[in-house]
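Descriptive structure summary
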Amino acid sequence: MLEIIRIPVLSDNYVWLVHEPHSKETMVVDPAVAEPVLAEADKRGWKITQIWNTHWHPDHTGGNAAIKEATGCHITGPEAEQARIPTLDRLVKEGDTVRLGDVVADVIDVPAHTAGHIAFHIADENTVFVGDTLFAMGCGRLFEGTAAQMFDNMQKLSKLPGETDVYCAHEYTQANGEYALVAEPDNQALKDRMDAVLAARAKGEATVPTTIALEAATNPFMRAVSAEQLAERRMAKDNF
């Protein structure tokens with residue numbers, strides 16, 4: 001049902017423009033900036049009615065105020081980070097749901113990259129918006145949380161159906177894959193995936209969204225068997 005448009009901004013961010021055709025509602029996930037988002041919606045004749053924020057970082061919330069001023073949209077984001085996202089209208093946490101027209105998303109708490117990071121899982125659409133928690137072959141840096149928290153996040157997300165499309169917020173796949181090959185040099189699925197990623201990037205193509213199944217097969221952080229192993233891999237990636 002949903003139409004999901006990728007908008008590349010800044011150096012490597014993706015903003016997701018999401019349209020629900022029955023209600024004609026349009027939502028933005030993590031707008032780093034406003035102008036290209038407003039322009040894309042206008043080009044398509046869509047009126048932005050909502051913004052969903054996964055966490056407070058400016059490259060995910062920097063467009064909130066201008067988009068809200070231009071459209072009057074309603075902004076939803078993590079309850080635990082309300083002090084750092086002053087534009088929020090609704091505060092949510094795990095167990096809450098948010099709605100875009102006929103489509104309902106479950107809120108999942110995924111702290112570690114930031115203390116109050118959340119994800120939005122739309123089960124009926126096999127879609128999850130994960131912000132900076134899960135990347136293609138990677139995970140977010142542990143700026144405000146622990147490896148144990150990130151390990152729990154990986155376990156939680158890995159339980160979603162394998163066909164779930166994962167919409168992350170950055171084009172980090174090639175760099176993540178280069179480290180992943182060091183972490184798991186004998187992983188043939190990873191080698192095959194990296195070949196495809198290099199070919200796509202050489203043509204200037206995006207490599208996300210990904211899927212839960214693909215990450216389960218090739219992501220060294222989702223594949224970590226313990227919080228300790230994830231911590232070792234995260235530290236190694238930070239210094240890679």
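The shown structure was predicted, so the numbers you read here are calculated from the model rather than taken from an experiment. (Residues numbered from 1 in each chain as written. Predicted model: local features only at pLDDT ≥ 70, side-chain atom pairs only at ≥ 80, totals over all residues. Heavy atoms only, no water.)

1. Examining the packing of aromatic side chains
We apply this condition: Pairing of aromatic side chains here covers Phe, Tyr and the six-membered ring of Trp, requires ring centres within 6.5 Å, and sorts the geometry by plane angle: under 30 degrees stacked, over 60 edge-to-face, intermediate tilted. A run of H or I in DSSP counts as a helix once it spans at least four residues, and a run of E counts as a strand once it spans at least two, with each numbered from the N terminus. Exposure is judged per residue with a 1.4 Å probe applied to protein chains only, and the accessible area is read against the type maximum: over 50% gives exposed, under 20% gives buried, and values in between give partly exposed. Consider the ring centre and the ring normal. A charge sits over the ring if Lys NZ or Arg CZ is within 6 Å of that centre and within 35 degrees of that normal.
Following the criterion strictly, the structure yields seven aromatic pairs and no others. With centroids separated by 4.8 Å and ring planes inclined at 80°, the aromatic side chains of tryptophan 16 and tyrosine 167 adopt a geometry described as edge-to-face. Highlighted residues: tryptophan 16 in strand β2 (residues 13–20) and tyrosine 167 in strand β13 (residues 165–168), separated in sequence by 151 residues. According to the relative accessible area criterion, tyrosine 167 is buried, its value standing at 10%. Aromatic pair phenylalanine 135 and tyrosine 172: ring centres 4.9 Å apart, planes at 65°, arrangement edge-to-face. Placement of phenylalanine 135 in strand β11 (residues 134–135) and of tyrosine 172 in the loop between β13 and α5 (173–183) is noted, with a sequence separation of 37 residues between them. We classify phenylalanine 135 as buried; its relative accessible area is 3%. Among the aromatic residues, ring-to-ring pairing joins Tyr14, Trp16, Phe129 and Tyr167 into one connected group. Between the NZ or CZ atom of arginine 44 and the centre of the ring of tryptophan 46, over which it lies, the distance is 5.4 Å.

2. A word on the environment of alanine 180
Quick note on the threshold: The criterion used for residue contact is that any of the two residues' heavy atoms lie within 4.5 Å.
As for its position among the elements, alanine 180 is in helix α5. When its relative accessible area of 0% is taken as the criterion, alanine 180 is described as buried. Between the C-alpha atom of alanine 180 and that of proline 220, which follows or precedes it by 40 residues, the distance is 5.9 Å. When neighbours within four sequence positions are excluded, alanine 180 is seen to be in contact with Leu190, Thr218 and Pro220.

3. Things to note about the environment of alanine 80
Looking at where alanine 80 falls in the secondary structure, it is placed in the loop between β5 (74–78) and β6 (90–92). The class of alanine 80 is exposed, set by a relative accessible area of 65%. When the C-alpha atoms of alanine 80 and histidine 55 are compared, they prove to be 9.3 Å apart, with 25 residues separating the residues in sequence.

4. Considerations on unusual backbone geometry
Of note, the bond from valine 208 into proline 209 is cis; its omega dihedral lies within 30 degrees of zero at 10°. Mapped onto the fold, proline 209 is located in the loop between α6 (188–202) and β14 (210–211). For asparagine 126, which is not glycine, the phi torsion reads 50° and is therefore positive. Summarising the element assignment, asparagine 126 is placed in the loop between β9 (118–122) and β10 (127–131). At methionine 137, a position not held by glycine, the phi torsion is positive, near 65°.

5. What about the pairing of strand β8 (residues 103–109)?
Under the convention used in this document: Whether two strands pair depends on DSSP finding at least two bridges between them.
As judged from the four bridges shared by strand β7 (residues 97–100) and β8, these two strands associate in the antiparallel manner. Counterpart to arginine 99 in the pairing with β8 is valine 104.

6. Observations regarding the packing of α5 against α6
In plain terms, the rule: Fitted lines through C-alpha atoms serve as axes, helices being fitted only where they are in contact, and the angles separating the N-to-C directions of these axes extend from 0 to 180 degrees. In these notes the angle categories are as follows: under 35 degrees is roughly parallel, over 145 is roughly antiparallel, 65 to 115 is roughly perpendicular, and the rest is oblique. Crossing handedness: left-handed means the near helix sits turned counterclockwise from the far one by under a right angle, and right-handed means the same turn made clockwise.
At a closest axis distance of 10 Å, the pairing of α5 and α6 adopts a crossing angle of 150°. The angle between α5 and α6 falls in the class roughly antiparallel. Helix-helix and strand crossings are classified by hand; for α5 and α6 the assignment is left-handed. Residues Thr173, Gln174, Gly177, Glu178, Ala180 and Leu181 of α5 form the contact with α6, whose participating residues are Leu190, Lys191, Met194, Val197, Leu198 and Arg201.

7. Description of helix α8 (residues 227–238)
Put simply, the test is: Expected helix span is given by 1.5 Å per residue-to-residue step, counting one fewer step than there are residues. Comment: arc refers to directions from the helix axis out to C-beta atoms.
The terminal C-alpha atoms of α8, which comprises 12 residues, lie 16 Å apart, in line with the 16 Å expected from a rise of 1.5 Å per residue. Residues of α8 that are buried: Ala227, Leu230, Arg233, Arg234 and Lys237. Down the axis of α8, the smallest arc covering the buried residues is 125°, so these residues share one side. Turned more than 90 degrees away from the buried face of α8, the exposed residues are Glu228, Glu232 and Met235.

8. Regarding the sheet that holds strand β1 (residues 3–9)
Across the sheet, which stays open at both edges, the six strands sit in the order β1-β2-β3-β4-β5-β6 with mixed pairing between neighbours. Looking at strand neighbours, the two that pair on one side only are β1 and β6, the edges of this open sheet. Between one strand axis and the next, the sheet turns through 20° on average, direction left out of account. Relative to strand β3 (residues 25–29), β2 is paired through five bridges, and the arrangement is antiparallel.

9. So, the sheet that holds β7
Within the open sheet, the six strands sit side by side as β7-β8-β9-β10-β13-β14. Their pairing is mixed. What marks the edges here is a single partner per strand, and that holds for β7 and β14. Looking at chain direction, β9 and β10 are connected through three bridges and run antiparallel. By the bridge assignment, histidine 121 is partnered in β10 with valine 128.

Shape descriptors only; they carry no functional weight alone.
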